[in-house]
Amino acid sequence: SADGRILFFSSNRRGGYGGKDIWYSLRLPDGTWSEAKNLGDQVNTPKDEVSPFIYFNNEILFFASDGHQG
């Protein structure tokens, strides 16, 4: 994120919905990162979701998907 507090990334790690999913981690007060969490099935599909980019207002997430139309 623009403020450096949230890291979005795409990965095929265990616990996903299939293919590559979008995950996020929060920067903690001590500077370390929280355990990564999956964004869930509203974003992720059985296919690939990649290239996440969060708009500077931290409210709009852009990404490419093989599983969503458009």
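In this text, all values refer to a predicted model and were calculated from it rather than measured experimentally.

S.K.: Give a description of the environment of Pro46 that names residues and reports values.
M.R.: Tracing the backbone shows Pro46 in the loop between strand S3 (37-38) and strand S4 (49-54). When its relative accessible area of 68% is taken as the criterion, Pro46 is described as exposed. In sequence terms Pro46 and Gly67 are 21 residues apart; their C-alpha atoms lie 6.9 Å from each other. Setting aside its immediate chain neighbours within four residues, Pro46 contacts Tyr17, Gly18 and Gly19.

S.K.: Go over the side chain of Thr45 with me, naming the residues and quoting the values.
M.R.: Mapped onto the fold, Thr45 is located in the loop between S3 and S4. A distance of 2.8 Å separates the side chain of Thr45 from the side chain of Glu49, its partner in a polar contact.

S.K.: Just give me the short version of a nonpolar patch on the surface, but keep the residues and values in it.
M.R.: On the surface, a cluster of nonpolar side chains totalling about 530 Å² of accessible area is made up of Phe53, Tyr55, Phe56, Ile60 and Phe62. Relative to the helices and strands, Ile60 is located in the loop between S4 and strand S5 (61-65). Note on Ile60: relative accessible area 37%, which makes it partly exposed.

S.K.: An account of the sheet that holds strand S1 (residues 6-11) is needed here, citing residue identities and associated values.
M.R.: With antiparallel pairing, 3 strands are arranged side by side in an open sheet as S1-S2-S3. Two strands in the sheet have a free side with no partner beyond their single neighbour: S1 and S3. The pairing of S1 with strand S2 (residues 21-26) spans 6 bridges and is classified as antiparallel. Bridge pairing in S2 links Leu7 to Ser25.

Procedures and definitions
Residues numbered from 1 in each chain as written. Predicted model: local features only at pLDDT ≥ 70, side-chain atom pairs only at ≥ 80, totals over all residues. Heavy atoms only, no water. Helix = DSSP H or I, 4+ residues; strand = E, 2+ residues; numbered from the N terminus. Buried < 20%, exposed > 50% of the residue type's maximum accessible area, 1.4 Å probe, protein only. Contact = heavy atoms within 4.5 Å. Polar contact = N/O pair within 3.5 Å; in protein donor to acceptor, adjacent residues only side chain to side chain. Patch = residues over 30% accessible without salt bridge, like charges linked within 9 Å, V, L, I, M, F, W, Y side chains within 5 Å. Areas by Shrake-Rupley, 256 points an atom, 1.4 Å probe, with all protein chains shown as cover. Salt bridge = Lys/Arg side-chain N within 4 Å of Asp/Glu carboxyl O. Pairing = 2+ DSSP bridges.

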